[in-house]
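Fold and contact review
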Amino acid sequence: MSSSAHFPDPSSFQHQSDQFVAWLEANTGVKVNPKICLADLRSTGAGRGVVARTNIPEGEELFSIPRNLILAVQNSELKNLLGQDVDSLGPWLSLMLVMLYEYSQGANSKWAAYFQVLPTRFDTLMFWSQEELHQLQASAIVDKIGKQGADESILQTILPIVRAHPGLFPPVNGVASYEGDAGAAALLELAHIMGSLIMAYAFDIEKSETEEDDVDENDESYMTDDEDEQLPKGMVPLADLLNADADRNNARLFQEEECLVMKAIKPIHEGEEIFNDYGEIPRADLLRRYGYVTDNYSQYDVIELPLRDICQAAGLSNSDVESQPRLELLEENDVLDDGYVIPRPAPNASLQDIIPAELVILLTTLSLTPEEFEQRRSKNRPPKPAMESNQASLLFKILQTKQAQYGSSLGEDMQLLTSILPPNAPASLDGSARRHKMALQVRIGEKEVLQAILAMLEPLVSGGSLKRSANGDADTRHSKAARV
Ligand SMILES: C[S@@+](CC[C@H](N)C(=O)[O-])C[C@H]1O[C@@H](n2cnc3c(N)ncnc32)[C@H](O)[C@@H]1O
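Throughout this description, residue numbers start from 1 for each chain and increase along the sequence as written. In view of the model being predicted, local features appear only for residues whose pLDDT reaches at least 70, and side-chain atom pairs are presented and counted only at 80 or more, with totals across whole chains, interfaces and linings using the full set of residues.

As recorded in an unreviewed UniProt entry, the chain goes by the name SET domain-containing protein, listed as coming from Penicillium cataractarum.

Focus on the overall build of the chain
In terms of helices and strands, the chain carries 16 helices and 12 strands. Partly exposed residues are those whose C-beta has more than 12 but fewer than 20 other C-beta atoms within 10 Å; with 20 or more the residue is buried, with 12 or fewer it is exposed, and the C-beta atoms are placed from the backbone. Counting across all 484 residues of the chain, residues that qualify as buried make up 38%. By sequence separation, contacts in the chain at least 24 residues apart represent 73% of the contacts at least 6 residues apart. For helices the rule is a DSSP run of H or I covering at least 4 residues; for strands it is a run of E covering at least 2, with both sets numbered from the N terminus onward. Each residue gets a C-beta atom placed from its backbone, and two residues are in contact if those atoms lie within 7 Å.

Concerning the sheet that holds strand β8 (residues 251-255)
The strand order β1-β4-β9-β8 describes an open sheet built from 4 strands, whose pairing is antiparallel. The sheet is open, and its two borders are formed by β1 (31-32) and β8, each paired with just one other strand. Between any two strands, pairing holds if DSSP finds at least two bridges. In the sheet, strand β4 (residues 61-66) pairs with strand β9 (residues 259-264) via 5 bridges, with the strands oriented antiparallel. From the neighbouring strand, Ser64 faces β9, where its bridge partner is Val261.

Describing the pairing of β4
The sheet contact formed by β1 and β4 spans 2 bridges and is antiparallel. Residue Val32 lies in a different strand from β4, and its bridge partner there is Phe63.

Points about the pairing of β8
As defined by bridge partners, β8 adjoins β9 across 5 bridges and the pair is classed as antiparallel. Among the inter-strand pairings, Leu253 is bridged to a residue of β9, identified as Met262. Here β8 folds back onto β9, and the loop between the two strands holds 3 residues.

Side note on the nonpolar core
When buried Ala, Val, Leu, Ile, Met, Phe, Trp, Tyr and Cys residues are joined through C-beta atoms within 7 Å, the set is termed a nonpolar core. Among the nonpolar cores identified, the biggest contains 81 residues, and Leu95, Met96, Leu97, Met99, Leu100, Met194 and Ile274 are the most heavily contacted of them. Here this core takes 10 residues from helix α3 (residues 91-104), the largest share from any one element. Each domain's extent is set by a domain assignment, obtained either automatically or from a database. Here this core spans two domains, since at least three of its residues come from each of domain 1 (4-276) and domain 2 (301-463). The contacts of Leu100, once residues within four sequence positions are left out, are Val162, Phe169, Leu190, Ala191 and Met194. With 36 residues, the next largest nonpolar core counts Leu316, Leu336, Val360 and Ala392 among its residues.

Quick word on helix α13 (residues 370-379)
α13 sits mainly on the outside: 0 of its 10 residues count as buried. Downstream of α13 by one or two residues, Asn380 has phi in the positive range, about 50°.

Examining the domain arrangement of the chain
Along its sequence, the chain is organised into domain 1 (4-276) and domain 2 (301-463). At the interface, 13 residues of domain 1 touch 19 residues of domain 2. When its residues are assigned to classes, the side of domain 1 that touches domain 2 shows 5 nonpolar, 6 polar and 2 charged. Polar here means any residue other than Ala, Val, Leu, Ile, Met, Phe, Trp, Tyr, Cys and Pro, which are nonpolar, and Asp, Glu, Lys and Arg, which are charged; Gly is therefore polar.

So, the environment of Met96
Counting through the fold element by element, Met96 comes out in helix α3. Separated by 68 residues in sequence, Met96 and Thr28 place their C-alpha atoms 26 Å apart.

A closer look at the packing of α3 against helix α7 (residues 180-201)
The axes are straight lines fitted to the C-alpha atoms, using for helices just the contacting stretch, and the angles between their N-to-C directions are given from 0 to 180°. One can describe the packing of α3 onto α7 by two numbers: an axis separation of 9 Å at closest approach and a directional angle of 120°. Considering the angle they form, α3 stands oblique to α7. Relative to α7, α3 is oriented so that their crossing is right-handed. Across the interface between the two elements, Trp92, Leu95, Met96, Met99 and Leu100 from α3 touch Leu190, Ala191, Met194, Gly195, Leu197 and Ile198 from α7. Tallied by class, residues from the contact of α3 with α7 come to 10 nonpolar, 1 polar and no charged. Any angle between 65 and 115 degrees counts as roughly perpendicular, while under 35 counts as roughly parallel, over 145 as roughly antiparallel, and the rest as oblique. Put simply, a crossing is left-handed when the front helix is turned counterclockwise from the back one by less than a right angle, and right-handed when it is turned clockwise.

Side note on unusual backbone geometry
Although it is not a glycine, Asn173 sits at a positive phi angle of roughly 55°. Checked against the element boundaries, Asn173 lands in the loop between α6 (147-164) and α7. In this structure, Asp334 is a non-glycine residue whose phi angle is positive, near 65°. Mapped onto the secondary structure, Asp334 falls in the loop between α10 (325-332) and β12 (339-343). You can call Asp334 exposed: it has 8 C-beta atoms within 10 Å.

Concerning the packing of α6 against α7
Between two packed helices, both the angle of their axes relative to each other and the distance between the axes serve to describe the pair. Remark: α6 packs on α7, axes separated minimally by 10 Å, with the N-to-C direction vectors making an angle of 110°. The angle between α6 and α7 places the two elements in the roughly perpendicular class. Viewed along their axes, α6 and α7 form a crossing whose handedness is right-handed. Residues Ala150, Asp151, Ile154, Leu155, Ile158, Leu159 and Val162 of α6 pack against Ala184, Leu187, Leu188, Ala191 and Gly195 of α7.

Comments concerning the sheet that holds strand β3 (residues 48-52)
For sheets, the rule is that strands pair by backbone hydrogen bonds, running either parallel or antiparallel. Here 4 strands make up an open sheet; going across it, the order is β2-β3-β10-β7 and the pairing mixed. Strands at the two margins of the open sheet, each flanked by one partner only, are β2 (36-40) and β7 (243-244). Pairing of β3 with strand β10 (residues 273-276) involves 2 bridges; the strand directions are antiparallel. Residue pairing in the sheet places Val51 in a bridge with Glu273 of β10.

Considering α7
In this analysis, the expected span of each helix is defined as 1.5 Å times one less than the number of residues it contains. Over its 22 residues, α7 runs 31 Å from end to end, which matches the ideal 32 Å to within 8%, given 1.5 Å per residue. When we look at burial in α7, the residues that qualify are Leu187, Leu190, Ala191, His192, Ile193, Met194, Gly195, Ser196, Leu197, Ile198, Met199 and Ala200. Those residues of α7 that are buried lie in contact with α3, α6, β6 (233-234) and α8 (283-290).

Considerations on the environment of Asn33
Looking at where Asn33 falls in the secondary structure, it is placed in the loop between β1 and β2. The partly exposed category is assigned to Asn33, around which 18 C-beta atoms lie within 10 Å. Along the primary structure Asn33 and Leu168 are separated by 135 residues, whereas in three dimensions their C-alpha atoms are 37 Å apart. The contact partners of Asn33, leaving out residues within four places of it in the chain, are Glu60, Glu61, Leu62 and Phe63.

Put into structure tokens, the structure is as follows:
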């Protein structure tokens with residue numbers, strides 16, 4: 001979140017905040033602790049946020065939102081009006097459809113005042129131009145945006161429903177109709193706003209004990225994400241106006257039987273911002289899902305190595321399991337992945353701490369001589385994960401190749417970052433400059449991880465043998481090292 005540019009009517013920013021709080025407090029069952037307030041943090045690039053007016057002790061309730069005020073499928077009239085099971089669309093698309101419906105009702109929606117404080121523009125990667133995405137260079141995050149899949153889901157699932165019920169979904173924002181290509185494009189744009197709000201604002205809503213546990217197993221077509229649970233999603237007013245901070249997290253949402261309650265999990269001092277937590281996510285994911293980065297998430301930065309790149313570095317012609325017996329052996333034994341994640345090494349971490357065992361097994365399998373591999377294959381037994389010089393050399397080569405794909409060095413990027421943002425520059429940049437800076441931060445983090453792992457591998461590589469690739473090319477000396 002940046003500045004005014006992200007909100008529909010920035011000139012009424014404070015007025016909208018006041019109206020939102022007034023609406024919220026007018027709802028039965030809502031409790032807002034007078035020790036907190038909604039603050040304008042646009043000058044720091046954080047949009048709205050919640051701040052403590054006075055000291056708050058640990059454990060104190062900050063606010064409580066009754067379950068019936070959550071913007072969710074179960075609370076919207078749409079499920080009664082549509083004549084089809086909205087829940088069956090899955091957590092993402094069902095909430096998207098409900099939000100489209102409620103947004104289209106304008107002032108008649110129960111959540112009209114809530115929509116007024118939600119942004120309509122985002123810096124999440126879904127909205128970056130090709131030129132802006134190019135700034136992320138070789139980051140694996142570029143392949144995870146899922147824009148095409150999201151477009152398809154919206155056009156194939158949401159658009160037909162909207163077109164079949166023009167009375168429920170009157171076109172908004174000056175659009176004449178959702179028919180034709182122009183109508184489809186308009187709906188796509190609006191649906192992406194709702195999808196992005198869900199991605200950055202929604203909570204997974206645990207069912208209360210009295211509700212039936214009838215969760216459907218549906219595909220999450222909006223996202224290419226990692227969520228495997230299928231809890232319904234909901235927009236929780238006020239709870240989602242808390243910003244997040246990896247180090248300064250001081251509040252948590254507790255899902256109780258009747259209400260969702262935000263509580264202080266640490267003493268909070270007067271004037272301090274109240275922060276939620278997004279978990280241990282790398283800055284690349286922070287950018288993809290939430291559209292911002294801060295340095296204190298750099299501790300969670302990772303480097304991701306696609307299987308394709310590993311196979312290429314090992315001299316395989318492709319990474320198709322069917323045509324590569326070595327991959328087939330691993331697949332059959334359930335130890336093959338599409339890609340491998342290596343975290344930023346903590347101080348004093350060993351290779352064993354950071355290199356996933358599955359990756360070491362892959363490196364070992366790719367380093368076997370043809371004879372060794374045939375032995376393994378005949379027993380259908382993959383090798384044990386042991387990081388020796390061969391594996392280290394192959395990984396070293398893979399990481400060097402990855403490093404070269406970025407197109408600029410860590411040193412060059414650091415210089416560029418300083419030139420973009422001298423120490424006394426304002427905290428918030430706007431538009432493309434802001435995106436450029438965030439892309440730089442992400443790729444700097446990944447290059448730092450690469451450099452750190454290369455340095456850790458160096459002694460094993462130089463003290464050990466030469467590389468031995470999948471085709472069994474020469475191996476000279478052996479040196480045992482870390483067992484992973
Ligand atoms: C759940 S909302 C929080 C409320 C939001 N600030 C607003 O004004 O609507 C999440 C969004 O807030 C912004 N955000 C959250 N934490 C932030 C932080 N520490 N610094 C800057 N922006 C932050 C990001 O744009 C993110 O997508």
